[in-house]
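Summary of structural features
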Amino acid sequence: MVKIKRLALSALYAVKTKFSTAKLILGKKLGLIRSVMILPYGGFGNKHQLFFLGRVLRDRGIGISQLEDNKWKNFVKMYKRFMTWEIPFVRVKASFNKSSMIARTDEEGYFRFELKPGEEHPVTAPWMDIHLELMDEVIKGNEKVRAISRVYVPSHDAEYGIISDIDDTIVPTGATRVREMLKTTFFRNAHTRIPFPGVAEFYQSLSKGSNGTGYNPFFYVSSSPWNLYDFLKEFMEVHNIPQGPLLLRDIGITRENFFSGSHTEHKLKQVERIFKIIKNIPFILVGDSGQHDAEIYLQVVKDFPGRVKMIYIRDISTLSHKKVLKIAEEVKRYGVEMMLVKNTREAAYHALSHRWISDNAFSSALSEKQDDENDF
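Residues numbered from 1 in each chain as written. Predicted model: local features only at pLDDT ≥ 70, side-chain atom pairs only at ≥ 80, totals over all residues. Heavy atoms only, no water.

1. Remarks on the pattern of salt bridges
To keep things clear, this is the line we draw: Here a salt bridge means any side-chain nitrogen of Lys or Arg lying within 4 Å of a carboxyl oxygen belonging to Asp or Glu. Exposure is judged per residue with a 1.4 Å probe applied to protein chains only, and the accessible area is read against the type maximum: over 50% gives exposed, under 20% gives buried, and values in between give partly exposed. In this description a helix means any DSSP run of H or I spanning at least four residues, a strand means any run of E spanning at least two, and both kinds are numbered starting from the N terminus.
Here the structure, examined in full by the defined rule, presents 16 salt bridges. A salt bridge links Asp69 to Lys73; its shortest N-O distance comes to 3.8 Å. With relative accessibility at 10%, the residue Asp69 sits in the buried group. Taking the shortest distance from any N to any O, the salt bridge between Glu330 and Lys302 comes out at 3.3 Å. Taken together, the residues span a long stretch of sequence, with Glu330 in helix α8 (residues 321-332) and Lys302 in helix α7 (residues 293-303) at a distance of 28 residues. Sharing partners across several salt bridges, the network here consists of Arg55, Glu86 and Glu108.

This is the structure we're talking about:
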């Protein structure tokens, strides 16, 4: 049975790859592809290693959204994000200070870099600019294709880091209800999708730390597809949610899976990658009860003893309530607290009681949301 499944996957992946290649060739001949772009996904690292991803695609001119955009305009932009034209097997050059490296895109147009700055090229700021350049000519006569990837390196005085889920943790999505999720995704934009009350204020408080002036790093790990990367970055900027690397996933048929692996496998792999690269600080983990976040974070606690400072789980599913509380009991045996919270206010009060956030930052958050007793 396993052998048959592997053969079927191999055949489907071959068909998909040939179709994408044929579409690209036809698109270039018909003039449908007039320009291409490097879409950097940003990344993170330490003074010895910088890790980031990106993709080379047809530039469909999506641009940023506006508050007044109607549902049809939102749908068209989201359609363009998912109906991509990938540019496979081309070279991308990454330059940092005086060092450079070249990577080649895969069948889906993705590229990956792991730069090693070294002592002669020290990391000097939390956000490092990596200059990217497409080395191969995809469209004859076009200008050079360039972009900048921003890579985050936590400062030496960071107290802790924060790793957060996105869907149903930061913003109501209905990730467990397919129809609601599709409606929300395709017909709203960065302005009209609203985060849970108080999330921006609480996350800003965590970012500033115990004295209200710190720079604690944020990392966002989600099973949302990479197609939503620019949308999510814009959403966070619009709603004043702390910027940080986003670790999303590819969707559809891959060499290894029919649908790019499981939610749990993806998130655990990405969280543990962060822990392995960012070694010198503990982490606060934030998720929700809708999609196995509690189980994933339990495994992280087991794999990295002493590295998890606190776990907050937003209670969005009564069906999972008992299960999360049971996992919390197991987490407690490893010396870590997992708190199931019904709103952001509970998590904020808890963080304040432990002096992880400052009184001033918390008071500012309360003054902005004091009328929202149920959801802040």
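That shown, we press on.
2. Comments concerning the confidence of the model for the protein
Defined as follows: Each residue carries a pLDDT score, the predictor's confidence in it, ranging from 0 to 100. We call two residues contacting when some pair of their heavy atoms lies within 4.5 Å.
Mean pLDDT for the protein: 86, with 86% of residues reaching 70 or above. Helix α10 (residues 359-369) is the least confidently modelled element of the protein, averaging 62 in pLDDT, while strand β8 (residues 161-164) averages 98, the highest of any element. Below pLDDT 50 for its whole length, residues 370-374 participates in six contacts with residues either more than four positions away or in separate chains.

3. Observations regarding the packing of aromatic side chains
To keep it simple, the criterion reads: Classification of ring pairs rests on two measures: the distance between centres of Phe, Tyr or Trp rings, Trp counted by its six-membered ring, which must be within 6.5 Å, and the angle between planes, read as stacked under 30 degrees, edge-to-face over 60 and tilted in between. Either the NZ atom of lysine or the CZ atom of arginine qualifies as a charge over a ring when it sits within 6 Å of the ring centre and within 35 degrees of the ring normal.
Throughout the structure, instances matching the rule amount to 21 aromatic pairs. In this structure an aromatic cluster arises from ring pairing among Phe44, Phe51, Phe219, Phe275, Phe283 and Phe304. Looking at Arg58, its charged tip hangs above the ring of Trp85, at a distance of 5.1 Å from the centre. Just above the ring of Phe196 sits the side chain of Arg314; from NZ or CZ to the centre is 3.9 Å.

4. Comments concerning the sheet that holds strand β11 (residues 283-288)
To be explicit about the condition: When DSSP finds two or more bridges between a pair of strands, those strands are recorded as paired. Lines fitted to C-alpha atoms define the axes here, with helix axes fitted over just the stretch in contact, and angles between the N-to-C directions of these axes take values from 0 to 180 degrees.
With parallel pairing, the six strands of this open sheet are ordered in space as β10-β9-β8-β11-β12-β13. Both outer strands of the open sheet, β10 (246-249) and β13 (338-341), are each paired with one neighbouring strand and no more. With strand direction ignored, the average angle separating the axes of adjacent strands in the sheet is 15°. Direction of pairing for β11 relative to strand β12 (residues 308-314): parallel, over a ladder of six bridges. Within the sheet, the bridge partner assigned to Ile284 lies in β12 and is Met310.

5. Here's the deal with the nonpolar core
Rule in force here: Within this scheme, the nonpolar core is defined by two criteria: the residues are buried Ala, Val, Leu, Ile, Met, Phe, Trp, Tyr or Cys, and they are joined through side-chain atoms within 4.5 Å.
Grouped together as the largest cluster of nonpolar side chains are 76 residues, with contacts concentrated most on Tyr203, Leu206, Ile311 and Tyr312. Considering every element that reaches this core, the biggest residue donor is α7, with six residues. For Ile311, the contacting residues outside a window of four places in its chain are Leu285, Tyr297, Val301, Val331, Val336, Glu337, Met338 and Met339. Within the second largest apolar cluster, 27 residues are counted, among which are Ile33, Phe113, Leu132 and Val153.

6. Describing α8
Because an α-helix completes one turn every 3.6 residues, residues spaced three or four positions apart along the sequence face the same direction. For clarity, the cut-off: Helix span, expected: 1.5 Å multiplied by one less than the number of residues in the helix. Each direction from the helix axis to a C-beta atom contributes to the arc, which is the arc of those directions.
Helix length check: α8 (twelve residues) gives 17 Å between terminal C-alpha atoms against 16 Å at 1.5 Å per residue, within 8%. Inspection of α8 places Val324, Ile327, Ala328 and Val331 among the buried residues, and these make up the whole buried set. In a view along the axis of α8, the buried residues occupy a sector of 110°, so they form one face of it. Of the exposed residues in α8, those oriented more than 90 degrees away from the buried face are Lys322 and Lys326. Next to the buried residues of α8 lie α7, β12 and β13.

7. Considerations on the environment of Arg307
Selection criterion: Definition of a polar contact: a pair of N or O atoms within 3.5 Å, with one able to donate and the other able to accept a hydrogen when the atoms are protein atoms, and with sequence-neighbouring residues admitted only if both atoms are side-chain atoms.
With respect to the helices, strands and loops of the structure, Arg307 is situated in the loop between α7 and β12. Considering only alpha carbons, one finds Arg307 and Phe283, 24 residues apart in sequence, at a separation of 6.3 Å. Ignoring sequence-local partners within four residues, the contact set of Arg307 consists of Phe275, Ile278, Lys279, Ile281, Pro282 and Phe283. In terms of polar contacts, Arg307 uses its side chain to reach the backbone carbonyl oxygen of Ile278, at 2.6 Å. A polar atom in the side chain of Arg307 sits 3.0 Å from the backbone oxygen of Ile281.

8. Re the packing of helix α4 (residues 199-208) against helix α9 (residues 344-353)
The criterion, for reference: By definition in this entry, angles of less than 35 degrees are roughly parallel, angles greater than 145 are roughly antiparallel, angles of 65 to 115 are roughly perpendicular, and the rest are oblique. Less than a right angle of anticlockwise turn of the near helix away from the far helix marks a crossing as left-handed, whereas a clockwise turn marks it as right-handed. Here the term charged refers only to Asp, Glu, Lys and Arg, the term nonpolar to Ala, Val, Leu, Ile, Met, Phe, Trp, Tyr, Cys and Pro, and the term polar to all other amino acids, Gly among them.
One way to put it is that α4 packs onto α9 with a least axis distance of 10 Å and a crossing angle of 20°. One element, α4, and the other, α9, form an angle in the roughly parallel class. With respect to the hand of their crossing, α4 and α9 are arranged in left-handed fashion. For the pair formed by α4 and α9, the contact residues are Val199, Phe202 and Leu206 on the first element and Thr344, Ala347, Ala348 and Ala351 on the second. Class assignment for the residues of the contact of α4 with α9 results in six nonpolar, one polar and no charged.

9. So, the sheet that holds strand β3 (residues 91-96)
One open sheet holds the seven strands; their spatial order is β4-β3-β6-β7-β1-β2-β5, and the pairing between them is mixed. Since the sheet does not close on itself, it has two edges, and those belong to β4 (99-104) and β5 (110-115), each with one partner. When the angles between neighbouring strand axes are averaged without regard to direction, this sheet yields 25°. Pairing of strand β1 (residues 36-46) with strand β2 (residues 49-58), which is carried by nine bridges, proceeds in the antiparallel orientation. The residue bridging Phe44 from the neighbouring strand is Phe51, located in β2. On the sheet, helix α6 (residues 263-277) packs against β1, β2 and β5 and is oriented at approximately 55° with respect to β1.

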